[in-house]
Amino acid sequence: MKILILPGDGIGAEITVATRLALEVLDRKFALGLEFVERDIGMAAIEKGLDPMPDAIMEEVRATPFTMLGPVSTMEYPPEAQHLPSPSSLIRDNLDLFANIRPSRTRPGVPSVAKQMDLVIVRENTEGFYAVRTMFEGKGEFMPTPDLAMSMRKITVQGSRRIAKVAFDLARVRRKKVTVVHKGNVLRITDGLFLREVRSVAQDYPDVETEEIIVDAMAALLIRRPESFDVVVTTNLFGDILSDEAAELSGGLGLGGSINASNDHAVAQAAHGSAPDIANQNKANPTALVISAQMLLKWHANRSGNNQLASAAAHLETALDDVLADPANHTVDIGGNAGTDEFGEALARAVDQ
Ligand code: NAD
């Protein structure tokens, strides 16, 4: 299986090197037959006179089952590239990766604000307030006059139903509880539709408990009782914000793994950004990208029924927990002194055991 690595910007190169090292050892140990291919996107592509997401690489992503995407810093691109959609948006749009699945859990040895938590935020990824992703043509954000800026929030029946189904299916193999987060008291029409469709999908899952919480209360309850949540389903922007909050509660943004998935394609991408403040200093925590890669292996294993892949994914998760359990391996963001490279080497050794 080909693994396409797109390091992206900022800390992207450092965290992909560390993650790749672990995957190479995993490949040898489980005879997975992985073939690693790396391509330049973002600033590295712009410096070669190309678009941040060259068409040829987009086609490669489409044709490759396993893509590992680093973060991108579109706001820092030169003016001529500013109007172009980000690599991240293009991939999500082109492959219709409607589900952004972001787990957060406390781990032995990792200092965290939450005493205990193990939840997954299932974020709708193609609609909501994300101006560049929501329209067939044109953008969902515009200025009719210089003193008036407007943004459109798009919510559809199909989008709401398919994300709800992902959440309920996931809850079935976890603790069988779905929390639906919305702002239906104010956004009565858009979140009204979202709620109506999620409730309708919930009818097909009588074995799964459903609760509904307004987003502002959820922001507080996530801090007060994070252990009470299992699967959280919500719209795009709310999911983006709440998942960063959840990652931080579990120890930090550097632990926030995620995959972007459709029914037949998925891409591993850490939830955090390009962290320009620590880029090229050997300080980045690769955990989020490792978790993302592990989730992608598991996603493929579930779809294909490949037991070897499932065992490899489980082994990688255990190895990561073992490495994080030892404070000597902790990077600066979680209170340690280890460099990104030391973390990567420790993980590779743990995977080898
Ligand atoms: P950020 O997530 O990059 O950083 C926020 C804070 O968390 C920083 O202090 C950073 O050092 C820290 N941090 C993040 N990931 C870390 C890691 N793996 N290890 C250790 N510390 C980590 O958010 P930001 O600063 O708001 O955004 C920076 C850039 O990233 C912006 O250009 C933004 O547009 C972009 N961004 C990209 C994506 C993406 O590509 N998926 C997502 C969010 C932000």
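Check the entry above for the structure.
Residues numbered from 1 in each chain as written. Predicted model: local features only at pLDDT ≥ 70, side-chain atom pairs only at ≥ 80, totals over all residues. Heavy atoms only, no water.

Student: In this structure, what is going on with the layout of surface pockets? I would like to understand it.
Tutor: To locate leftover empty space, one rolls a probe as large as a water molecule over the atoms. Its boundaries defined by the atoms lining it, the largest pocket holds a volume of some 1,000 Å³. Looking at the largest pocket, it is lined by 32 residues, and the ones nearest its centre are Ile101, Leu170, Met295, Lys298 and Asn302. If one sorts the elements of the lining of the largest pocket by residue count, helix α10 (residues 287-304) sits on top with seven residues. Tallied by class, the residues present in the lining of the largest pocket amount to 16 nonpolar, six polar and 10 charged. The computed volume of the second largest pocket comes to approximately 480 Å³. In terms of lining, the second largest pocket is formed by 23 residues, of which the most central are Val72, Ser88, Arg92, Arg133 and Asp240. Contributing elements (two or more residues each) for the lining of the second largest pocket: α5 (87-94) and α9 (236-249). (1 Å grid on protein atoms, 1.4 Å probe; cavity = no way out; pocket = protein on both sides within 12 Å on 5 of 7 lines; lining within 4 Å. Points joined across faces, edges and corners; volume = space filled by probe spheres on them. Helix = DSSP H or I, 4+ residues; strand = E, 2+ residues; numbered from the N terminus. Nonpolar A, V, L, I, M, F, W, Y, C, P; charged D, E, K, R; others polar.)

Student: Would you take a moment to explain the site of the ligand for this structure?
Tutor: By nearness alone, 17 residues border the ligand, and Val72, Gly273, Ala275, Asp277 and Asn285 come closest of all. Between the ligand and the protein, one listed contact pairs an oxygen atom with a backbone N or O atom of Val72 at 2.9 Å. Residue Gly273 places a main-chain N or O atom 2.7 Å away from an oxygen atom belonging to the ligand. Protein contact buries 68% of the 810 Å² of open area that the ligand shows by itself. A per-class count over the shell around the ligand returns eight nonpolar, seven polar and two charged. (Near = heavy atom within 4 Å. Polar contact = N/O pair within 3.5 Å; in protein donor to acceptor, adjacent residues only side chain to side chain. Areas by Shrake-Rupley, 256 points an atom, 1.4 Å probe, with all protein chains shown as cover.)

Student: Looking at this structure, I do not really get the side chain of Ser250. What am I missing?
Tutor: By the secondary structure assignment, Ser250 is in the loop between α9 and β11 (259-261). A polar atom in the side chain of Ser250 sits 2.8 Å from the backbone oxygen of Ala247. Residues in contact with Ser250, not counting those within four places in the same chain, are Ser104, Arg105, Thr106, Val110, Pro111, Ser112, Met117 and Leu255. (Contact = heavy atoms within 4.5 Å.)

Student: Honestly, the sheet that holds strand β5 (residues 118-124) in this entry has me stumped. Any pointers?
Tutor: In a beta sheet, neighbouring strands pair by backbone hydrogen bonds and run either parallel or antiparallel. The strand order across the open sheet built from 10 strands is β2-β1-β3-β12-β11-β4-β5-β10-β8-β9, with neighbouring strands paired in mixed fashion. The open sheet has two edge strands, β2 (35-38) and β9 (209-214), and neither has a second partner. For this sheet, the mean angle separating the axes of adjacent strands, direction not counted, is 25°. Across four bridges, the pairing between strand β8 (residues 177-182) and strand β10 (residues 231-234) is parallel. Each residue of the ladder has a partner; that of Val180, found in β10, is Val233. Relative to the sheet, helix α6 (residues 157-172) contacts β4 (99-105), β5, β8, β9 and β10, its axis offset from that of β5 by approximately 165°. (Pairing = 2+ DSSP bridges. Axes fitted to C-alpha atoms, helices over the stretch in contact; angles between N-to-C directions.)

Student: For this particular structure, what's the right way to read the environment of Asp244?
Tutor: As for its placement among the helices and strands, Asp244 is situated in helix α9. We classify Asp244 as partly exposed; its relative accessible area is 29%. Once residues within four sequence positions are removed from consideration, Asp244 is found in contact with Arg102, Leu253 and Ala271. (Buried < 20%, exposed > 50% of the residue type's maximum accessible area, 1.4 Å probe, protein only.)

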